[in-house]
Amino acid sequence: MRIRPSTKIAIGFVTLLAVGFGGSRLYTQVRLSGVKLEPISSENFCLVAISEEARVKILAVNRMVQVVEASDDFKAGGSDSGGSDSGSIKARVPMKELLGILDGDSSGITGLLYKLSKKESSEEPSEEAPIWSPADAAKAIGGDSVLKAKLENDLGIGLDGKLSTKLNRIAFYHGIRLQVPVTFDVPNASGKPVTGFNIMPVKSKAMSTLYKELESKFLDAEALDRYYADFVKKNEGVSKEDPSSLIKNIFEKGEAGEGYAKALNILKHSIVITNLKMVEKASFEEVKSEKETSYDLKIQLTDEGAARLWKFSAEHPNTKIIVVSKKIPIAAATVGTQLNSKELVIKQIADRTLIQEAVDLVNSR
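Starting afresh in each chain, residues are numbered from 1 along the sequence in its written order. In keeping with the predicted nature of the model, local features appear solely for residues at pLDDT of at least 70, side-chain atom pairs appear and are counted solely at 80 or more, and the whole-chain, interface and lining totals rest on all residues. The basis for every side-chain value is the complete set of non-hydrogen atoms in the structure, without hydrogens or water.

(A) View of the overall build of the chain. By definition, any uninterrupted DSSP run of H or I lasting at least four residues is a helix, any uninterrupted run of E lasting at least two residues is a strand, and each is numbered from the N terminus. Helix and strand counts for the chain stand at 12 helices and 13 strands. Put simply, of all contacts in the chain between residues at least 6 apart along the chain, 67% involve residues at least 24 apart. Surface accessibility of the chain: about 20500 Å² in total, with carbon and sulfur atoms responsible for 51%. Two residues qualify as a contact provided that any one of their heavy atoms is within 4.5 Å of a heavy atom in the partner residue. Surface accessibility in these figures is a Shrake-Rupley result with a 1.4 Å probe; residues are shielded only by whichever protein chains are displayed.

(B) Molecular detail of the sheet that holds strand β13 (residues 343-349). Ordered by their spatial adjacency, 3 strands build an open sheet running β9-β10-β13, and the pairing between neighbours is antiparallel. The two strands at the open ends of the sheet, each matched to only one other strand, are β9 (279-288) and β13. Strand-to-strand twist in this sheet, taken as the mean axis angle between neighbours without regard to direction, amounts to 15°. Inspection of the sheet shows strand β10 (residues 293-301) paired to β13 by 5 bridges, in the antiparallel sense. Residue pairing across strands places Leu 297 opposite Ile 346, the latter belonging to β13. Throughout, an axis means a line fitted to C-alpha atoms (over the contacting stretch in the case of helices), and angles, computed between N-to-C directions, take values from 0 to 180 degrees. In the packing of helix α12 (residues 352-363) onto the sheet, the strands contacted are β9, β10 and β13, and the crossing angle to β9 comes to about 155°. Only strands that DSSP links by at least two bridges are regarded as paired with each other.

(C) Summary view of unusual backbone geometry. Its identity is not glycine, yet Glu 43 carries a phi of approximately 55°, on the positive side. Counting through the fold element by element, Glu 43 comes out in the loop between α1 (5-31) and β1 (45-50). You will see that Lys 326, though not glycine, has its phi angle at about 55°, which is positive. The topology assignment puts Lys 326 in the loop between β11 (320-325) and β12 (328-334).

(D) Main features of the nonpolar core. Formed by 33 residues in total, the largest nonpolar core has its most connected members in Ile 50, Val 67, Val 93, Leu 99, Phe 184, Leu 267 and Ile 322. For Val 93, the contacting residues outside a window of four places in its chain are Val 56, Val 67, Val 68, Glu 69, Leu 98, Leu 112, Leu 116 and Ile 266. Here, nonpolar core means buried Ala, Val, Leu, Ile, Met, Phe, Trp, Tyr and Cys residues that are tied together by side-chain atoms lying within 4.5 Å of each other. Each residue is placed in one exposure class: buried if its accessible area under a 1.4 Å probe, protein chains only, is under 20% of its type's maximum, exposed if it is over 50%, and partly exposed if it falls in between.

(E) Region of the structure containing the environment of Met 95. Summarising the element assignment, Met 95 is placed in helix α2 (residues 95-102). When the C-alpha positions of Met 95 and Val 67 are compared, they lie 7.7 Å apart, and in sequence the two are 28 residues distant. Sequence-distant contacts of Met 95, defined by excluding residues within four places in its chain, comprise Val 67, Ile 322, Val 324, Lys 327 and Pro 329.

(F) Molecular detail of the pattern of salt bridges. Put simply, a salt bridge is a Lys or Arg side-chain nitrogen that is within 4 Å of an Asp or Glu carboxyl oxygen. Counting across every chain of the model gives 15 salt bridges. Asp 154 is paired through a salt bridge with Lys 150; the nearest N and O atoms lie 3.0 Å apart. Placement of both Asp 154 and Lys 150 in helix α5 (residues 145-155) is noted, with a separation of 4 residues, approximately one turn of the helix. Assessed through its relative accessible area of 8%, Asp 154 is described here as buried. Look at the salt bridges and you will find they share partners, linking Glu 280, Asp 303 and Lys 342 into a network.

(G) Expanded view of the packing of aromatic side chains. Here a pair means two rings of Phe, Tyr or Trp (six-membered ring of Trp) with centres within 6.5 Å. Their orientation is stacked below 30 degrees between planes, edge-to-face above 60, and tilted elsewhere. A complete count under the given rule lists 5 aromatic pairs for this structure. Judged by centre distance (5.5 Å) and plane angle (55°), the rings of Phe 172 and Tyr 211 are tilted. Taken together, the residues Phe 172 in helix α6 (residues 169-173) and Tyr 211 in helix α7 (residues 205-214) connect sequence positions 39 residues apart. With a relative accessible area of 3%, Phe 172 lands in the buried category. Under the relative-accessibility criterion, Tyr 211 is labelled partly exposed at 31%. An angle of 15° between the planes, with centres 4.7 Å apart, marks the rings of Phe 184 and Tyr 260 as stacked. Taken together, the positions of Phe 184 in strand β6 (residues 176-184) and Tyr 260 in helix α10 (residues 258-268) put the pair 76 residues apart, joining distant regions of the chain. Exposure remark for Phe 184: the relative accessible area of 0% places this residue in the buried category. Among the aromatic side chains, those forming a connected cluster through ring pairs are Phe 172, Tyr 173 and Tyr 211. Sitting above the plane of the Tyr 211 ring, Lys 203 keeps its charged end 4.4 Å from the centroid. Criterion for a charge above a ring: Lys NZ or Arg CZ within 6 Å of the ring centre, and within 35 degrees of the ring normal.

Set out below in structure tokens:
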């Protein structure tokens, strides 16, 4: 059977494409074989990548970039203009704390866990609430007379469940805070697991009940004391709570909390690709249209920075890359192809002030 000339041309064209594509992949693999995406510190300016497996959404909200946790029915293909196509948005992921842990700094743990564990009706743990370490709490529960008396005073209730005869206003308004040790064994710049604390607010059931009863009342100090005295009489002989078991359970639960699991998953799928040392210079251009004015950010990378970005983009297509300046996410772009150039351009950034500060930061070193 004779093959028509047009058919020959078509076959030849397809074959040429296949050989070219295969050669390109082989070239990329050879060129990047020695590039290792080892964890690096974020410094004051960096490019951060968060993959879809982290189950977060990157949004442009009020001219700012936000990283937010997505609900269970969230679809990753949503718009970046302020919402998702499916599913509801829950907690915001704080970039400063996230980068802190990726840097190997334990101080970011408390804030990240608080944000990811926070319920809409909950309040941030009060700075006035006494902090209890695992060691001191264990000693108090174990019978240390000094620490036991202090813990009972801070809780406003005895470890035997009996209410104190005098109201402790700190216990009434704020309760206590427990320092629950947690460890994140994730790739980070320190090369070691990052250990810190999840600060858990705790208030006795009695103090919570009393607080709810008085939420809508306005009592002076004397009236509050009288009300509390009546509250104690009313609850005398009623089934008692067990503060010791409550505290023990919180410490034993440790890393089993919902917020910890979310944080661990996000951290496992986040990486600092380049930092300030890997950026040679930066600039931006103003772009005007009929509807709005936006800005294009141009970043010139060093050879090392370009190689790391190329390797990451080759291995992780369709991943979001976030530009972070002074721990604030200022822009985001999707990796649509292999980025094998030293110059990276991110378009349609809304806020001139943020982009100007970032450019000045890079160029003023």
